[in-house]
Amino acid sequence: MTSQPTLQSVPALGTHPASGSNPSRAETREQLSKASYDLLVIGGGILGISTAWHAAQSGLRVALVDAGDFAGATSSASSKLLHGGLRYLQTGAVKLVAENHFERRAVSRQVAPHLANPLTFYLPVYKGGPHGAAKLGAGVFAYSALSAFGDGVGHLLSPAKAAQDVPELRTDNLKAVAVYGDDQMNDARMALMTVRAAVEAGAVVLNHAEVSGLRFTKGRVTGAELRDRLSGDEFGVDARLVLNATGPWVDHLRKMEDPNAAPSIRLSKGAHLVLKRTAPWRAALATPIDKYRITFALPWEDMLLLGTTDEEYEGDPADVSVTEKDTAQILDEAAFSIRDQQLDRDLITYAFAGLRVLPGGPGSTAKAKRETVVTEGRGGMLSVAGGKWTTFRHIGRTVMQKLESLPGHPLGDDFEPISSLPRKLPLPGVANPRAVAHRLLVDNPAPGPRMAADTAKHLATHYGSLAFDIARLANDDPELRERVHPDAPEIWAQVVYARDNEWAETADDVLRRRTTLTIRGLATDDVRAKVQDLLDKK
């Protein structure tokens, strides 16, 4: 077991920022307040981040701000999937599934192969279940056909073979198992790499900066008043156009523009549980609960991710949380296909909930379309809401097309039309993660023990080739090679890297979104104190 740095030794760690580190918050505030931008994006979830990335690629002067951390709300509370949407076939949305598959393949193969990995899904067919084996067999075949059979051919599998890959699978009354393929990711890491791509393209970004008001010129929204939530400093940003990409808070900002603005969205809460695994899983389970809903059991980050729920939410978005009712529902639904010993509450390490943003209207949230809506307010502010992680690149391009089509060319004529840009531009760090992990294990110029295999794999699959920057930090300071917690693969060099290169300001920024320590249940008071102490040394 690897020892942790002592409290006395931690202050010495990572005192000097890494090379090529981000500007300070004070420098960023000054830059934002003195320049004039073509586009101010308010909201650092994946919709805002993707739009900022594409806008910066187009040559626009872009600023991006968020009241919390990047991907701090809905965008880091997903089911961690890049998927075509098998259930959409139920409603005949064949074109949508094909489009989702195109985006999924682009992200997992060209844009971010270092951050996404293929995942086999088993869809169990039980006696008395909502769907028959023949129907599901035909469904997964059609699903794989819409993906051009890039993940193999959807087919039926015997219960015995499925139980070999998923040892906790319930086999009582199990008639058959349908098989299909999708992809999986760490949503927070994917978002952070997209922020980095936007910055490398020229965007200026600041998290923990909340909007206190909008700026108007002759009735048009031309910027925002902001307050740094960490320092208390107040400043403003001027922009030709403002994009409201605040997710569950989109109507709150619309009312700043127009106090009489009618509600445009409704919210659906999705809760998840993270558990320790009692045995290795080589496939995920997608179990039908009824004709419209599926519950997932996903091997993820060496853990098991269960979920999700889908119910209308009407409270303050900041207060969304997992209730006892949510926990009971998730475990009860998982018990349709998972043995009891894997569902012991003592195995739960973390629970999280997020809010889906859905178009306003009647009907069940479970049946509502996950579509993206772009609207223009009376002050000219654009608001974007809704959508799926899988299509985040497409959404960014769609918003840019909307900006380009606005009358009067408010962005000027100097930008590059989105249609002329490369469609599959890779995110930073793009590399084969296996090759990266191998090099991390083999290349060890510093004296002392080699990097642990689980740490090398973790760095390769969360940073790609940027993992070598972290390895250099660890080689320069032996204490940064130590694990943050003995039961997790992360090392202290990642905390320094998050501080200097990934805009981490608080312990939660590091423990919840830049590492996996919180979801593993390892963000102890001792760990939090040491992380915060290291962050304060910038």
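In this report, we go over the structure that sits alongside the text. (Residues numbered from 1 in each chain as written. Predicted model: local features only at pLDDT ≥ 70, side-chain atom pairs only at ≥ 80, totals over all residues. Heavy atoms only, no water.)

1. Description of the overall build of the protein chain
The line we're drawing: Helical segments are the DSSP runs of H or I of at least four residues, strand segments are the runs of E of at least two, and each set is numbered from the N terminus. With C-alpha atoms as the basis for the radius of gyration, the globule rule is written as 2.2 Å multiplied by the number of residues raised to the power 0.38. Throughout this description, buried means an accessible area under 20% of the type-specific maximum (1.4 Å probe, protein chains only), exposed means over 50%, and partly exposed covers the range between. Contacts between residues were defined by any pair of non-hydrogen atoms, one from each residue, lying within 4.5 Å. Values of accessible area rely on a 1.4 Å probe in the Shrake-Rupley scheme; residue burial ignores everything except the protein chains shown. We score Asp and Glu as negative and Lys and Arg as positive, and we do not count His or the chain ends. One atom stands in for each charge, and that atom is NZ of Lys, CZ of Arg, CG of Asp or CD of Glu.
Looking only at helices and strands, the protein chain has 15 helices and 18 strands in total. Relative to the compact-globule value of 24 Å for 538 residues, the protein chain shows a C-alpha radius of gyration of 23 Å, a close match. By principal-axis analysis of the C-alpha atoms, the protein chain measures approximately 65 × 60 × 45 Å. Counting all 538 residues of the protein chain, 57% fall into the buried class. In the protein chain, the proportion of contacts linking residues at least 24 apart, taken out of those at least 6 apart, comes to 73%. In the form shown here, the protein chain has an accessible surface area of approximately 21,700 Å², with 52% of it arising from carbon and sulfur atoms. Separation of charge centres in the protein chain, based on 62 positive and 64 negative side chains, amounts to 6 Å.

2. Some words on the pairing of strand E1 (residues 36–42)
What counts, and what does not: At least two bridges found by DSSP between two strands are what make those strands a pair.
Judged by how many residues are buried, E1 sits mostly within the fold: 6 of 7 residues are covered. Strand direction decides the pairing type here: E1 and strand E10 (residues 234–244), joined by 6 bridges, are parallel. Paired with Tyr37 across the bridge in E10 is Ala239. Sheet analysis places E1 next to strand E2 (residues 62–65), joined by 4 bridges and oriented parallel. Of the residues in E2, the one forming a bridge with Leu40 is Ala63.

3. Structural notes on the side chain of Thr28
By the secondary structure assignment, Thr28 is in helix H1 (residues 25–34). For Thr28, a relative accessible area of 5% translates into the label buried. Those residues in contact with Thr28, other than ones at most four positions away along the chain, are Pro23, Val204, Val205 and Leu206.

4. Some points on the nonpolar core
Side chains that are nonpolar tend, in soluble globular proteins, to be buried together. How we decide: We define a nonpolar core as any set of buried Ala, Val, Leu, Ile, Met, Phe, Trp, Tyr and Cys residues linked to one another through side-chain atoms lying within 4.5 Å.
Of all hydrophobic cores here, the largest spans 82 residues; its most connected members are Met190, Leu403, Leu427, Leu440 and Val531. Looking at this core, the element that brings in the most residues is helix H2 (residues 46–57), giving 7 residues. Once residues lying within four places of it in the same chain are set aside, the contact partners of Leu403 are Leu39, Leu241, Leu382 and Leu411. Formed by 33 residues, the second largest nonpolar core is a distinct cluster that contains Tyr122, Leu174, Ala271 and Leu275.

5. Let's talk about the pairing of strand E17 (residues 373–376)
Both E17 and strand E18 (residues 382–385) contribute to a ladder of 4 bridges, which runs antiparallel. Opposite Thr375, over in E18, you have Ser383 as the bridge partner. Here E17 folds back onto E18 in antiparallel fashion, the turn holding 5 residues, of which Gly380 has a positive phi close to 85 degrees.

6. Regarding helix H3 (residues 94–111)
Helical geometry note: an α-helix holds 3.6 residues per turn, so side chains three or four residues apart project in the same direction. Spelled out, the test is: The length a helix should cover is 1.5 Å for every residue beyond the first.
Between its first and last C-alpha atoms H3 spans 24 Å; for 18 residues at 1.5 Å apiece the expected length is 26 Å, and the two agree. Within H3, the full set of buried residues consists of Val97, Asn100, His101, Glu103, Arg104, Arg105, Ala106, Val107, Ser108 and Val111.

7. Digging into the environment of Ala106
Along the polypeptide, Ala106 turns up in helix H3. In this structure the C-alpha to C-alpha distance between Ala106 and Lys424, which are 318 residues apart in sequence, comes to 6.6 Å. Setting aside its immediate chain neighbours within four residues, Ala106 contacts Val111, Arg393 and Lys424.

8. Concerning helix H11 (residues 453–463)
Listed as buried for H11 are Thr455, Ala456, His458, Leu459, Ala460, His462 and Tyr463. Buried residues along H11 sit in contact with helix H6 (187–200), helix H10 (433–442), helix H12 (467–476), helix H13 (492–501) and helix H14 (507–514). Two residues or fewer after H11 comes Gly464, characterised by a positive phi angle close to 65 degrees.

9. Notes on the environment of Phe296
Among the secondary structure elements, Phe296 is positioned in strand E13 (residues 294–300). Excluding residues within four positions of it along the chain, Phe296 makes contact with Leu81, Phe121, Tyr180, Leu285, Ala286, Leu305, Leu306 and Gly307.

10. Let's talk about the packing of aromatic side chains
Selection criterion: For Phe, Tyr and Trp, where Trp contributes only its six-membered ring, two rings pair if their centres lie within 6.5 Å, and the inter-plane angle classes them as stacked under 30 degrees, edge-to-face over 60, or tilted in between.
A full pass over the atoms with the stated rule returns 8 aromatic pairs. For the ring pair Phe121 and Phe296, a centre distance of 6.0 Å and an interplane angle of 70 degrees mean the geometry is edge-to-face. With Phe121 in strand E4 (residues 116–126) and Phe296 in strand E13, this residue pair connects regions lying 175 residues apart in the sequence. On the numbers, 5.3 Å between centres and 85 degrees between planes, the contact of Tyr143 with Tyr180 is edge-to-face.

11. Some thoughts on the side chain of Asp326
Threshold: In the analysis that follows, any N or O atom pair within 3.5 Å is treated as a polar contact, provided that within protein one partner can donate a hydrogen and the other can accept it, and provided that, for residues neighboring in sequence, both atoms belong to side chains.
Its location among the elements puts Asp326 in helix H8 (residues 324–334). Side chain to side chain, Asp326 and Lys269 meet in a polar contact 2.5 Å long. For Asp326, the contacting residues outside a window of four places in its chain are Lys269, Ala271, Thr309, Glu311 and Ser321.

12. Notes on the environment of Ala284
As for its position among the elements, Ala284 is in strand E12 (residues 284–288). Taking relative accessible area as the criterion, Ala284 reaches 0% and is therefore assigned buried. Not counting chain neighbours up to four residues away, the residues in contact with Ala284 comprise Leu119, Thr120, Phe121, Tyr122, Ala297, Leu298 and Pro299.

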